[in-house]
Amino acid sequence: MINVFRKIWLFSGKEKGNLKKSIFAAFIHAVFNAFQFVAIYYMLECLFISKISTKNIIIAFVILMISLLGKIVTQNISQMKQTHAGYFMAADKRIELGEKIKKVPMGFFNSFSLGKLTTLATTNLTQIESWIPVLLVNVLGGFLNTCVFVLAIFLINIYIGLTALVGMTVFLMVTSLMEKRSRKNATDMANIQTCLTKNVLSTLQGMQVIKSYNLGGENNKNLDDAIDNSYKTTLALEKMVIPYTVVQRIVIGLTIVAMLFVSIRFNISDNLIITDAVMIMIASFTIFEGLIGAGSNMAILRIAENAIDSYEYVNQMPILKEGSITEPIKNHNIAFKNVSFSYDDRPILKNVSAEIKENTMTAIVGPSGSGKTTFCSLIARFWDVNSGEILIGGKNIKDYKIENLMNSISMVFQDVYLFEDTIENNIKFGKQNASHEEVVEAAKKARCHEFIEALPEGYDTIIGEGGASLSGGEKQRISIARAMLKDADIIIFDEATANIDPENEDKLKEAIESLTKNKTVIMIAHRLKTIRNADQILVLKDGEIVERGGHEELIKNNGLYSDLINAKAKAESWKLSNKYRIEL
Ligand SMILES: Nc1ncnc2c1ncn2[C@@H]1O[C@H](COP(=O)(O)OP(=O)(O)OP(=O)(O)O)[C@@H](O)[C@H]1O
C-alpha cells in the first residue's frame, strides 16, 4: 500500500505542493470535525454535572459554529487544491506524452498499438486527473480523521482507546487483503479497456470494409466481445469488492459494540464518569466514517496505479539518440554504406550500398515488399540501421540534430494524411509561420489552387479527418504543396499507385516536376514515365540492390528491371486501351 502512495507521490511532479496543501487542509478538517464533539461534551457536562443555562447553550452553539465553518472552509480549500493538482498533473503528462512520442523510434508503434496510446491519452490520464488527488486525500484524510478521534478517546480512557485501535487494525488488515486482490482485477480492467478502445478505433477506421462486407450489427463480433468483456470485468471488480466491504462494515460494527460495552462496564465500575461514557457512545458511531471512506477507495487506488504504470511504460521508452550537428546541411549527397536493417528479427535490407548524387533523381523500383519504403524511411531516421551507415553530406545522419536533419528532408507519402483543420493550416504544416500569400503560391505550384478556390470556404475549408472529403489526387497535391512550402533540399516521394484520372494525373505530374526541380530526389516510382526520366534507377529485390543504372542500360541487361518494365508497359497499355474503349 505504501508503494502505491509513493508511486502517486513521485508521479505528481510539480503538483506535489498542491497535494500537500490539500492533505493538510483535510487534516485540519479532521480537527474541526473532532471539535464539534467538544460542544457535545460541554453540553453533556452541563447536563450531568452542572446546570444548563442560556450562556452554556450559547457557548456550545459558538463551538459548533466554529467547527462547522472550519469544516466548510477546509473542505473547500482541500477540494480546490485537489482539482488544481489533478487537472495540471494530467495536462502536464499529456504534453510530456505528446513530446515523447514525437521522439521515440517508429519501432515503438509496432509494439504499442494506437488503441493502447489512445487509452493512455484519454481514459488513463482522465483517471489520473479525476481520481488520484481525490483518492490520495480521501484515503490519507479519512485515515487521519479516524486517528484524531482514536487519539482523543485514548486521552479519555486507555482501554476504550485500545478497543478502537484493535478494530482499526483489523479493518486495515481486511482492506489490505482487498487491495491485494484488486490488483489482478485492475490489470484485467486496464487490458479490457485497451481492447475496447482498439476495437472501437478499428471499427471506425474500417467502416468502409465493414459496410461493403456487411459485417455491421450482430456480425461485428470483435467489438461485441470487447463490450461484453468490459461489462463482465467491471462487474467482476464490483463482485470482488463487495464481500470485503461487508466484512469491513462488520468489523466496524463489532468495534462500536465493543466500545459501547467497555464504556458501560467502566461506568458501572465507577472508572468512567457518565459524561465520558455518553460522549464515547455518541462518538463511536461517527469516528470510523473517515476510515470506511478510505477503505472503499482502496480498490480504485489499484486502477489509478495501473494508469500510472501505463504512463510510465511509455515515458521510459528510450528516445531516438540525436547528434549535435546543428549547422544547416549544405551538401546533399546521400550514401548508403553496407546498410542492413530488420523489423524486430526479420531482415529487410541486406548489406545495401548506394550513392545518390546531389540534385539528381533516383528512382527506386522493385516488387512489392522488396524494401523500397524501408530504404526511404531509414534516410529520415524513422528507424535506425542495424549495421552500416547512411551519410548525408559525408556525415552519418545520426550525427545531425534530428531537427536539422528533418529540415533538409521533405517526404510525400502515398497515403497522405491530412489533419481535421483548414486547408491553409494543412499546407502550413510545411512552414508554420508562412503567410497566406506563400501558401497560395505553393498551392499554385502544386496545381491545387484551382480546386481549393472552388470549395465553398476556399483555403478556410475544414478538411475531414484524414482528408476524407477530398479525392486521392487532390490529397496528394495538397501534400505536395506542403512539401513545396517547406522547400527542403532532399525530397523523398512515394508515387501514388492508385488510379488517378487523366486530368488529375497531368496536374499531379506538373506538381511533382515543380516540387523536384533542382532537388535531390528519391522516388519510389510506379509509373513508366517517371522511371524513364530518373538519373539513376535502383532495383530492389528481397532487400538487396540487384541492378542499378539508367533506363536504357538496365533494359539491355534483360534482368529483373526489364521484366518489371515489360509488366508495367503491359498494364499501362491495358489501362490505355480500357480508357480508349470507355471514351469510345
Ligand atoms: N513497420 C513494420 N513492421 C514490421 N514489418 C514491416 C513494417 N513495415 C514494413 N514491413 C515489412 O517489411 C517488408 C518491406 O516493406 P516495404 O514497405 O519497405 O516494401 P515496399 O517495397 O515499399 O512494398 P510496396 O511496394 O508494397 O509498398 C514487407 O515485407 C513488410 O511486410
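The text that follows walks through the structure, step by step, so that each part is easy to find. Small disclaimer: the values here were computed from a predicted structure and weren't measured.

### Some words on the site of the ligand
Near the ligand lie 13 residues; those nearest to it are Asn110, Arg346, Ser368, Thr373 and Thr374. Ser370 places a polar main-chain atom, nitrogen or oxygen, 3.1 Å from an oxygen atom of the ligand. Within the contact set of the ligand, an oxygen atom lies 3.0 Å away from a backbone nitrogen or oxygen of Gly371. Relative to its unbound accessible area of 630 Å², the ligand is 66% covered by the protein chains. For the shell around the ligand, the secondary-structure elements that each account for two or more residues are strand E2 (346-356) and helix H11 (372-379). For the shell around the ligand, the element with the highest residue contribution is H11, accounting for three residues. Here the residues of the shell around the ligand are counted per class, giving four nonpolar, seven polar and two charged.

### Remarks on the sheet that holds strand E7 (residues 490-494)
One open sheet holds the six strands; their spatial order is E6-E7-E8-E3-E9-E10, and the pairing between them is mixed. For this open sheet the edge positions go to strand E6 (409-412) and strand E10 (544-549), each flanked by a neighbour on one side alone. Looking at each pair of strands side by side, their axes are set apart by 15° on average, direction ignored. Two elements, E7 and strand E8 (residues 520-524), share five bridges in a ladder whose sense is parallel. Each residue of the ladder has a partner; that of Phe493, found in E8, is Met523. The sheet strands contacting H11 are strand E3 (361-365), E6, E7, E8 and strand E9 (536-541), and the helix crosses E8 at an angle near 150°. This element, helix H16 (residues 472-486), spans E6 and E7 of the sheet and lies at about 175° to E6.

Quick notes on the rules
- Residues numbered from 1 in each chain as written.
- Predicted model: local features only at pLDDT ≥ 70, side-chain atom pairs only at ≥ 80, totals over all residues.
- Heavy atoms only, no water.
- Near = heavy atom within 4 Å.
- Polar contact = N/O pair within 3.5 Å; in protein donor to acceptor, adjacent residues only side chain to side chain.
- Areas by Shrake-Rupley, 256 points an atom, 1.4 Å probe, with all protein chains shown as cover.
- Helix = DSSP H or I, 4+ residues; strand = E, 2+ residues; numbered from the N terminus.
- Nonpolar A, V, L, I, M, F, W, Y, C, P; charged D, E, K, R; others polar.
- Pairing = 2+ DSSP bridges.
- Axes fitted to C-alpha atoms, helices over the stretch in contact; angles between N-to-C directions.
- Contact = heavy atoms within 4.5 Å.

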